[in-house]
Amino acid sequence: GGVDSIRLGDSIIEYSKDFRFYITTTLRNPHYLPEVSVKVTLLNFMITPDGLIDQLLGIVVAKERPELQEEKTKLVLQGAENARQLKEVEDKIIEVLGSSEGSILESETAINVISDAKELSIEINKKQAIAVKTEAKIDATRETYRSIAVHVAWLFFNISELCNIEPMYQYSLVWYINLFIHTIETATKSDKLEVRLANLDKFFTYFLYCNICRSLFEKDKLLFSFTLCGTIFQYKGIMDPGEFRFLVTGGVATGPDPPENTTPWQQDKLWKEMWRLSSLNPTFSGLAESFAAAPEEWKHIYESTEPQREEIPDPWRQNLSTFQKLLVLRSLRPDKIVSALSLYVAEVMGQMFVEPPPFDLQKSYTDSSSVTPLIFVLSPGSDPMAAMLKFAENMHVTMETLSLGQGQGPKAEKLIEVAQSSGSWVVLQNCHLAVSWMTKLDRTCEGINAENTHPMFRLWLTSYPSPEFPVAVLQNGVKMTNE
C-alpha cells in the first residue's frame, strides 16, 4: 500500500499522522514570516498576574510559615490516598458482583465486602470533612500574605516591559524570584504580621530598584523610578490609569476643536492639551475655562525658572493631588516635567529612589556565579576594561581578554573551555560586532553548569545595545552600565 511522505529539502521521507513538532522560544514577542505563521499554532506561555501571585504566595508562606505549607502538603497526599482506597473498594465490589453466582444476598463474601466498603467509606468521609476544615483554615492564613505577593507580582510585569525602552533590559522570572527569596530571608523580622509585610514590601521595592538600576543607562533611571511608582499606585487604586496615560502621551483629541487660544504667551499646542485635560475626568472639569478667564494668575508659572516648585491658583491648588498637578504643569511648561517627576518620586517614594546607588563592581561580582555571565552594556566613551583588570588583580585571578570580530568565534570558545576547567576569567569584548556568533554564545552559556565548571570561573561580556544579543544570556546574566 501507499505510504504517506513529505519532502524536506531534496529528500522525501516517510510521514506519520501522529507526528507532532513543538518549538519553544525565549523571545517575549517573536515575529515569524507570514508563510510560517499560517502553518503553525502559536501558544503564549507568558505567566499571568494571577498565576504569578499564586506562585509567589506559595513561596512566601513556605518561607514564613513552613508548618502551614507542610500541613497543606500532607492534606494533598491524604486526599490522594483516600481516593486510592475508595477506588480499590469500588474495584472489589465490581469484582464480587461480577463473579458471584445467584443472589448477592446469599453470598457471604459479597456481604462482607460491601459491609467493609461502607465502613471504609464512612471513615474516609469523616477524614475528608476534617481535611476540608483544616484546609480552609490554612488558606485563610495564607491569604494574609497575599498583599506582598500581589505587590511583587505587579512589579515583575513592570520590569518585563523595560525591554521596550532598550533591548538589553531583559530579566528572567527565575532571577526575579531569587530576589524575592533573598528579601524574605534578609528583611527585618517582626512578630506582628502587618509590620513584617510592610518590611517585606519596603525592602523588596528598594532592593529591586538597586538591582535594576545598575543595568540601566542614566537617562532611563528616573523613568524606571516613575514607572515603578505608577505601577504600585495604579494596582492599589491610588492613581487613575487615564491620568497616567495623559501625563505620558498628552491625551488624544476625540471631541470638537477647542475655542481659539486668547493667551498670547501660551502655545496653541499647549492650549489644546489643556483643553483635553479639562475633559479627562470630572476632577479637571473647567480647568481650561478657568485659565482662559484669568491667565495672569497662571503667568508666574510660565515665567518661573523653577515652575515645578510654583503653586497653581485656587481652587485647583486645593482640589488637585500632587500627581494631578503634574498634568497641569505639562500643559504649561512641559520642558520642566522631568524635574517635576524627580520631585514627585522623591516625595511619594523617598529620596533614595531618585539617587541611584553608585557603580559597585565588587557587588556585581558577589551577585554572580560560575554559571552566571556578567554583562557590561556599553555607552559611547565608556570602557570598563581598566576597572576589570584592576579588580582581577585584587582578586588574584588570571583574566584572558578577546575582542570579538570576524573569525574570533573559535578562539573565544577555546578560551571559555580552558577557563571553565582552570577557574580563570574570560572577557569577550564588543559582542555586538560578532552578530553571527551570538547564537553560538547562547548555546555555550546554556552548556555551562556547576558540574562542568570551576567555581571561580567567570565569563565577562561587553556589548553596545543590540537586538541580536541572546535574550537568554541577558535574562540570566548580571547586567551593568558605567557611564
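All of these numbers come straight from a predicted model, not from anything done at the bench.

Draft legend 1. Spotlight on the overall build of the protein. What the protein contains, in helices and strands, is 20 helices and seven strands. For the protein, the C-alpha atoms occupy an extent of roughly 105 × 65 × 65 Å along the three principal directions. Residues counted as buried form 41% of the 483 residues belonging to the protein. With the model as given, the accessible surface of the protein reaches about 27700 Å², and the carbon-plus-sulfur share is 54%. The centroid of the 46 positive side-chain charges in the protein is displaced by 2 Å from the centroid of its 62 negative side-chain charges.

Draft legend 2. Structural detail: the pairing of strand β3 (residues 374-377). Burial along β3 is two-sided: Leu374 and Phe376 facing one way and Ile375 and Val377 facing the other are all buried. In the sheet, β3 pairs with strand β6 (residues 458-463) via four bridges, with the strands oriented parallel. Across the sheet, residue Val377 finds its bridge partner in β6, namely Ser463. As defined by bridge partners, β3 adjoins strand β7 (residues 478-480) across three bridges and the pair is classed as parallel.

Draft legend 3. A look at helix α8 (residues 218-235). Taking 1.5 Å of rise per residue, 18 residues should cover 26 Å, and α8 covers 27 Å from first to last C-alpha, within 8% of that figure. Within α8, the full set of buried residues consists of Asp220, Lys221, Phe224, Ser225, Phe226, Leu228, Cys229, Gly230, Thr231, Ile232 and Phe233. On its buried face, α8 sits against α5 (146-159), α7 (193-213), α9 (241-249), α14 (322-330) and α15 (337-348). Positive backbone phi, at 80 degrees, marks Gly237, one or two positions downstream of α8.

Draft legend 4. Just the pattern of salt bridges, in detail. Under the criterion given, the structure shown has 20 salt bridges. Between Glu67 and Arg65 there is a salt bridge, and its shortest N-O distance comes to 2.6 Å. One network of salt bridges, with partners in common, ties together Asp54, Glu143 and Arg146.

Draft legend 5. Structural detail: unusual backbone geometry. Here the residue pair Asp314 and Pro315 is connected by a cis peptide bond, since its omega of 5 degrees sits within 30 degrees of zero. With respect to the helices and strands, the residue Pro315 is situated in the loop between α12 (299-303) and α13 (316-319). Within the chain, His396 stands out as a residue other than glycine whose phi angle is a positive 55 degrees. Inspection of the secondary structure assignment puts His396 in the loop between α17 (385-394) and β4 (399-403).

Draft legend 6. Expanded view of the packing of aromatic side chains. If you walk through the whole model with that rule in mind, you get 29 aromatic pairs. Look at Phe156 and Phe157: their rings are 5.5 Å apart centre to centre, the planes differ by 75 degrees, and that puts the pair in the edge-to-face class. You'll find Phe156 and Phe157 in the same group, each marked buried. Taken together, a centroid distance of 6.4 Å and an interplanar angle of 55 degrees make the contact between Tyr169 and Phe217 tilted. Within this pair, whereas Tyr169 is found in the loop between α5 and α6 (173-186), its partner Phe217 is found in the loop between α7 and α8, the two being separated by 48 residues in sequence. Residue Tyr169 shares its accessibility class with Phe217, and that shared class is buried. Through pairs of rings, three or more aromatic residues link up here, namely Trp265, Trp271, Trp275, Phe291, Trp298 and Tyr302.

Draft legend 7. Representation of the pairing of β6 within the structure. Burial analysis of β6 places six of its six residues in the buried class, which makes it a mostly covered element. Covered by surrounding structure in β6 are Arg458, Trp460 and Thr462 together with Leu459, Leu461 and Ser463, the residues of both alternating faces. Both strand β5 (residues 425-429) and β6 contribute to a ladder of four bridges, which runs parallel. The partner of Leu428 across the bridge, within β6, is Leu461. Once the chain exits β5 it traverses helix α19 (residues 438-447) before rejoining the sheet at β6, and the crossover so formed is right-handed.

Draft legend 8. Inspection of the sheet that holds β4 at higher detail. The five strands are arranged β4-β5-β6-β3-β7 in an open sheet whose pairing can be described as parallel. A single partner strand is all that each edge strand has here, and the edge strands are β4 and β7. When the angles between neighbouring strand axes are averaged without regard to direction, this sheet yields 15 degrees. Helix α18 (residues 409-422) rests against β4, β5 and β6 of the sheet, and its axis sits at about 160 degrees to β5.

Draft legend 9. Focus on a nonpolar patch on the surface. A cluster of nonpolar residues, Ile6, Leu8, Ile13, Tyr15, Phe19, Phe21 and Ile23, forms a patch on the protein surface that exposes about 720 Å² of accessible area. Tracing the backbone through its elements, the reader meets Ile6 in strand β1 (residues 5-8).

Draft legend 10. How the structure looks around the packing of helix α3 (residues 66-99) against helix α4 (residues 108-143). Here α3 crosses α4 at 160 degrees, and the two axes come no closer than 9 Å. As summarised for this structure, α3 and α4 are arranged roughly antiparallel, according to the angle between their axes. In terms of crossing hand, the pair formed by α3 and α4 is left-handed. Residue classes in the contact of α3 with α4 are distributed as 13 nonpolar, nine polar and seven charged.

Draft legend 11. Fine view of α4. A rise of 1.5 Å per residue sets the reference length of α4, with its 36 residues, at 52 Å; its end C-alpha atoms lie 52 Å apart and thus fit the reference within 8%. Buried residues belonging to α4 abut α2 (49-64), α3 and α5.

Rules and cut-offs
- Residue numbers restart at each chain and count upward from 1, following the sequence in its written direction.
- Per-residue local features are limited, in this predicted model, to residues with pLDDT of at least 70; the limit for side-chain atom pairs, both in listing and counting, is 80 or more; totals at the level of whole chains, interfaces and linings are taken over all residues.
- By convention in this description, side-chain values take in all heavy atoms of the structure and omit both hydrogens and water.
- What counts as a helix is a DSSP run of H or I of at least four residues, what counts as a strand is a run of E of at least two, and both are numbered from the N terminus.
- When a residue's accessible area, from a 1.4 Å probe over protein chains only, is under 20% of the maximum for its type it is buried; when over 50% it is exposed; and in between it is partly exposed.
- Every accessible area reported is derived by Shrake-Rupley at a probe size of 1.4 Å, with residue values counting cover from the shown protein chains alone.
- Working convention for charge: Lys and Arg count positive, Asp and Glu count negative, and His plus the chain ends are omitted.
- Charged side chains are reduced to one point each, which is NZ for Lys, CZ for Arg, CG for Asp and CD for Glu.
- Strands pair, by our definition, only if DSSP identifies at least two bridges between them.
- Expected helix span is given by 1.5 Å per residue-to-residue step, counting one fewer step than there are residues.
- What makes two residues a contact is simply this: any of their non-hydrogen atoms within 4.5 Å.
- Only one rule defines a salt bridge in this text: a Lys or Arg side-chain nitrogen within 4 Å of an Asp or Glu carboxyl oxygen.
- Think of it this way: a Phe, Tyr or Trp ring, Trp meaning its six-membered ring, pairs with another when their centres are within 6.5 Å, and the plane angle makes it stacked under 30 degrees, edge-to-face over 60, tilted otherwise.
- Looking down the strands as they point away from you, a crossover is right-handed if its path from the first strand over the helix to the second goes clockwise.
- Angles here are taken between N-to-C directions and fall from 0 to 180 degrees, while the axes themselves are lines fitted to C-alpha atoms, restricted in helices to the stretch in contact.
- Surface patches are defined over residues having more than 30% relative accessible area and no salt bridge, joining like charges when they lie within 9 Å and nonpolar side chains (Val, Leu, Ile, Met, Phe, Trp, Tyr) when within 5 Å.
- When an angle is under 35 degrees it counts as roughly parallel; over 145 it counts as roughly antiparallel; between 65 and 115 it counts as roughly perpendicular; any other value is oblique.
- Left-handed is the label given to a crossing in which the near helix is rotated counterclockwise from the far helix by less than a right angle, and right-handed is the label when the rotation is clockwise.
- The residue classification treats Ala, Val, Leu, Ile, Met, Phe, Trp, Tyr, Cys and Pro as nonpolar and Asp, Glu, Lys and Arg as charged. All others, Gly included, are polar.

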